[in-house]
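So you can see what is in the structure, the chains are spelled out below.
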Amino acid sequence: MTETPEQSPQLQQSPQLQQSPQLQQSPQLQQSPQLQQSPQLQQIQAGYEFAGGAVRFGAAVLDGKAYPEATVKIPLAVINRHGLVAGATGTGKTKTLQLMAEQLSQCGVPVFLADIKGDLSGMASPGVANDKITARIRDIGEEWVPTAYPTEFYSLGGQGKGIPIRASVSAFGPTLLAKVLELNETQESSLGLVFHYADARGLWLDDLKDLRAVVQHLTSEEGKADLKELGGLSSATAGVILRELITFADQGADVFFGLPEFDAAELLQLAGDGRGMVSMLELPAVQDRPQLFSTFLMWLLADLFHDLPEVGDLDKPKLVFFFDEAHLLFADASKEFLRAITQTVRLIRSKGVGVFFVTQSPKDVPADVLAQLGNRVQHALRAFTPDDAKALRAAVSTYPKSAYDLEELLTQLGTGEAVVTVLSERGAPTPVAWTRMRAPQSLMAPSPDELIDQIVAASPKTARYAVALDRESAFEKLTATASAKAAESAAAQQAAAAAEDAQAQAKADAAAAKQASQAQAAADRQQTRRQQQDPTVVEKVVGSSAFKSMLRSAGTVLGREITRSIFGTSRRR
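Thresholds applied
Within each chain, residues carry numbers counting from 1 in the order of the written sequence. Given that this is a predicted model, residues contribute local features only at a pLDDT of at least 70 and side-chain atom pairs are listed and counted only at 80 or more, while totals for whole chains, interfaces and linings are drawn from all residues. Water and hydrogen atoms were dropped before computing side-chain values, which therefore reflect all heavy atoms in the structure. Strands are runs of DSSP state E lasting at least 2 residues, helices are runs of H or I lasting at least 4, and numbering of each runs from the N terminus. By definition in these notes, contact holds between two residues if any of their heavy atoms fall within 4.5 Å. All accessible-area figures derive from a Shrake-Rupley calculation using a 1.4 Å probe, and residue coverage is judged against the displayed protein chains alone. Partly exposed describes any residue whose relative accessible area lies between the buried limit of under 20% and the exposed limit of over 50%, with all areas from a 1.4 Å probe on protein chains only and scaled to the type maximum. Paired rings are identified among Phe, Tyr and Trp, the last through its six-membered ring, by centres lying within 6.5 Å, and are further divided according to the angle between planes into stacked (under 30 degrees), edge-to-face (over 60) and tilted (the rest). Any Lys NZ or Arg CZ that is within 6 Å of a ring centre and within 35 degrees of that ring's normal is treated as a charge sitting over the ring. The criterion for strand pairing is that DSSP finds at least two bridges linking the strands in question. pLDDT gives the predictor's per-residue confidence on a scale running from 0 to 100.

Q: Got a minute to help me understand the overall build of the protein chain in this structure?
A: When its secondary structure is counted, the protein chain shows 23 helices and 13 strands. Sequence separation of at least 24 residues holds for 76% of the intrachain contacts in the protein chain that already meet a minimum separation of 6. In the structure as shown, the protein chain presents an accessible area of about 27,600 Å², 52% of it carried by carbon and sulfur atoms.

Set out below in structure tokens:
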């Protein structure tokens, strides 16, 4: 149940919500004799009295008994100081997220949740009473009204049910992408140079094929000069990055990158009745790819940090972001990646965003990040191994001094119980409180598929994000450039071949002309020699007086034959 919800102007605009029993202040419970006799319970009761609106966790517990008059809660005004929800598997972390998200929504605060297993989708459906719920609400003195909450469903790249969330590779950036590709720090630095080159050349990296095209260009013969100019990028490292990109795409990851790119500001919306919209990223279809979805969550948070204005401290946050399975985000992270997370968490609170990391143990979160988390909800921890015992002692050391034996208590908490300490409205830690948590009022199981499909189909965001787009980007530009160069090269080769053929023909023609000239000269010389020869025997006989006398007496036949021969006008056949 939320405290003093009338402070929310959104809720004042909704008569329907104002009439809901959920929003009515519970009557002040009289102190039990045990509470009057227990300084510890009195300290808890006083430490959790706040003037402003608050989210109620449940009732304080001492010696196994819950005391409804000692209500444990967290002020809305300090939720942007971030928090940690931790505990072993099966201890109730998911239900804690659910009950917090319900009350935040009720107070007009938008919420983002990553639904790893699919059971948080039940927030879109009213809860169903059972014996356990009845016993819990009786034990902690809380009202319980089955309620459905305004919910939007999203999915990474359209894998599963929900509105597709995509990011352009350029926007995702080299640091996050290096985390997904599991690159080492040298390769991460080199990938940054590739992004720098693409930015400087106006090569938009919309999807993975764009990035592959840039890397392939840099490792090609045409791109050698550009690769050398980058300096810190070796061809071997570029080859490793290219192979990782190809493997990543072959695993189907290309659907997560592209256009239209999701605008994280969509998460800051209110429903028509003034309640905060619960934006739920459905991850069952990609739960076997934890590095991918955890890094995408970080991209959404970084996008919010980049776009939102500074607002300082507010009466309530603009958005609460629950980062489930947070240990996956920090595992094997580079120094640059951890530095970016720490800076984002430190600064985003001034933009009105509260972040709650959800994981199994506080040791999963780096110390620099853990130091930024002012609110703690610790479910049971297990101490089966020496490492577990060490982690337990480390967790206890981070809590304020308490009359509870925390090292023992944290191993004995029941399901739906937690050790809580938060920041008061003054910014001071509240007393450590063993808390029996209230039951969520929405369905503690997945919503029916038909309902989810109906909600997705009715959302105006579906029309904006459902269909993937492919504009002219790095791949198309580099392909066009390569095609133009290939065409230019082919034309040059054809021109060179034509010139070579013409040159060869000219040489052949010159040789033929020379040969013909030589032949003609030889013929001319032969003719000249014939003309210059001495008179032959025949000429002497013909020219003699005796032969002339014979011709006159023998007739003209023989003379005509010889003369024709001499003139060369016809030949004997």
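Here the narrative resumes, following the displayed structure.
Q: Just checking my understanding: could you explain helix H4 (residues 39-47) for this structure?
A: Owing to its 3.6 residues per turn, the α-helix brings residues three or four apart onto one side. Of all the residues in H4, the buried ones are Gln40, Leu41, Ile44, Gln45 and Gly47. Elements in contact with the buried residues of H4: helix H3 (33-37), strand S2 (54-62), strand S3 (65-75) and strand S13 (433-437).

Q: In this structure, what is going on with the environment of Thr247? I would like to understand it.
A: With respect to the helices and strands, the residue Thr247 is situated in helix H11 (residues 235-250). Placed 66 residues apart in sequence, Thr247 and Leu181 show a C-alpha to C-alpha distance of 9.3 Å.

Q: Would you explain the packing of aromatic side chains in this entry?
A: One pair of aromatic rings is described through two measures. These are the centre distance and the angle between the planes. In total, this model carries 15 aromatic pairs according to the counting rule given. Pairing Phe256 with Phe296 gives two aromatic rings, centres 6.4 Å apart and planes at 65 degrees, and the pair type is edge-to-face. In this pair, Phe256 is assigned in the loop between H11 and strand S8 (278-282) and Phe296 in helix H12 (residues 290-307), connecting sequence segments 40 residues apart. By the burial criterion, Phe256 is buried, and Phe296 matches it. Ring centres of Phe322 and Phe356 lie 5.6 Å apart, and the angle between their planes is 35 degrees; on these two criteria the pair is classed as tilted. In this pair, Phe322 is assigned in strand S9 (residues 319-323) and Phe356 in strand S10 (residues 353-359), connecting sequence segments 34 residues apart. When sorted by exposure, Phe322 lands in the same class as Phe356, which is buried. Grouping aromatic residues by their ring pairs yields a cluster made of Phe172, Phe248, Phe256, Phe257, Phe296 and Trp299. Directly above the ring of Tyr67 sits Lys65, whose terminal nitrogen or CZ lies 5.5 Å from the centroid. Positioned above the aromatic ring of Phe305, the side-chain terminus of Lys351 is 4.6 Å from the ring centre.

Q: Looking at this structure, how should I read the pairing of S2?
A: Each regular strand shows side chains that alternate between the opposite faces of the sheet. In terms of burial, S2 is largely enclosed, as nine of its nine residues are buried. Note that S2 and S3 share eight bridges and pair antiparallel. Across the sheet, the residue bridging to Val55 is Ile74, located in S3. Linkage of S2 to S3, two consecutive antiparallel strands, is achieved through a turn of two residues, within which Asp63 is found at a positive phi near 55 degrees. For S2 and S13, the ladder comprises three bridges, and the chain directions are antiparallel.

Q: Would you mind going over the side chain of His217 with me for this structure?
A: Mapped onto the elements, His217 comes out in helix H9 (residues 208-218). For His217, a relative accessible area of 16% puts it in the buried group. With near-sequence residues (within four places) excluded, His217 lies in contact with Tyr197, Glu222, Gly223, Asp226 and Leu478.

Q: What should I look at first to understand the confidence of the model for the protein chain in this one?
A: Residue-level pLDDT values for the protein chain average 86, and 84% of them are 70 or greater. In the model, residues 4-29 has pLDDT below 50 throughout and makes 49 contacts with residues more than four positions away in sequence or in other chains.

Q: What is the right way to read unusual backbone geometry from this model?
A: Residues other than glycine predominantly adopt negative phi, and peptide bonds predominantly adopt the trans conformation. Following Leu259, the chain continues to Pro260 via a peptide bond in cis, the omega torsion being 0 degrees. In this structure, Pro260 sits in the loop between H11 and S8. Backbone geometry places Glu325, a non-glycine residue, at a positive phi of 50 degrees. In this model, Asp332 sits at a positive phi of 55 degrees, which is unusual for a non-glycine residue. Within the element layout of this structure, Asp332 appears in the loop between helix H13 (327-330) and helix H14 (335-348).

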